[in-house]
Amino acid sequence: MTKTLLITGASTGIGKATAFAAAKAGWNVALVARSGDKLDAIADEIGDRALAIACDATKREEIAQAIAQTAEHFGGLDALYANAGTGANKPGIENGDPDEWHDMIHINILAVLYAAHEAIPELKKTKGHFVVTGSKAGRGHFKGSVYSATKWFVHGFAENLAEEMREWGGRCTVVAPGMVNTPFFDEPKPDKIQPEDVANAVMFAIEQPRTAAVREVYIMPND
């Protein structure tokens, strides 16, 4: 039976690349983001394996509906990739913008929690997999970085969730890249990690046999 992967932040960058990688590997893919027009274009390119769902992942009721719609459309949910995230324009604590922190915490932390909470009932049915985008910034210390602190949360949460999910045969993986060539940055980064590299790591984790649980994939640029 064909497996199904739901991806948040699927309209660009890592999420988009993962959608194509999963479809190529034979998975159904549910594409979730706020940019409905971009999702529709990706879904059209992928074909029948794709379902586009315009959704704000920071709104619990919307992500719950997206998960329910995915499970109904494809007959179940085997994996969810909580990839949506953002950074801050003003670095540091003293000079940082608390309004930016508020929005960043909602997408980098609360959206991940909402996705996990709402997906687990479906993932239990398939002994499924929860994947989340962490960061090198969640494995080290960066001067005054609230973004880094949100990714530290993601790394700790992923390990804790993995322990909870293993009780019923589920798995959780955090994928932790260094600098990736995505629209996250103003300037192109052609010599850094490519979105397709991260997508390959996601597929590696979710296609492991039942006897193996990949808890973390840590990727750095090879420049």
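Before reading on, note that the structure itself is shown above.
Description of the structure in this document.

Parameters at a glance
Residues numbered from 1 in each chain as written. Predicted model: local features only at pLDDT ≥ 70, side-chain atom pairs only at ≥ 80, totals over all residues. Heavy atoms only, no water. 1 Å grid on protein atoms, 1.4 Å probe; cavity = no way out; pocket = protein on both sides within 12 Å on 5 of 7 lines; lining within 4 Å. Points joined across faces, edges and corners; volume = space filled by probe spheres on them. Nonpolar A, V, L, I, M, F, W, Y, C, P; charged D, E, K, R; others polar. Helix = DSSP H or I, 4+ residues; strand = E, 2+ residues; numbered from the N terminus. Phe/Tyr/Trp six-rings, centres within 6.5 Å; stacked < 30°, edge-to-face > 60°. Buried < 20%, exposed > 50% of the residue type's maximum accessible area, 1.4 Å probe, protein only. Lys NZ or Arg CZ within 6 Å of the ring centre and 35° of its normal.

1. Examining empty space enclosed by the protein
Then comes step 1: Counted by the stated rule, this structure contains two cavities of 30 Å³ or more.
Then comes step 2: In this structure, the largest cavity spans a volume of roughly 80 Å³.
Then comes step 3: Among the residues making up the lining of the largest cavity, the classes are represented as two nonpolar, three polar and five charged.
Then comes step 4: As a volume, the second largest cavity reaches approximately 40 Å³.
Then comes step 5: Lining the second largest cavity we find T8, A57, A82, N83, A84, I107, A111, V112 and A115.
Then comes step 6: For the lining of the second largest cavity, the element with the most residues is helix α4 (residues 98–126), which contributes four residues.
Then comes step 7: Tallied by class, the residues present in the lining of the second largest cavity amount to seven nonpolar, two polar and no charged.

2. Some thoughts on the packing of aromatic side chains
Then comes step 1: Inspection of every chain in the model, using the stated rule, returns one aromatic pair.
Then comes step 2: Judged by centre distance (5.9 Å) and plane angle (5°), the rings of F153 and F157 are stacked. Of this pair, F153 and F157 both sit in helix α5 (residues 146–165), four residues apart, which is roughly one turn of the helix.
Then comes step 3: You can call F153 partly exposed: its relative accessible area is 30%.
Then comes step 4: Residue classification places F157 among the buried residues on the basis of a relative accessible area of 16%.
Then comes step 5: Of note, R139 hangs over the ring of Y218, and the distance from its end group to the ring centre comes to 3.7 Å.

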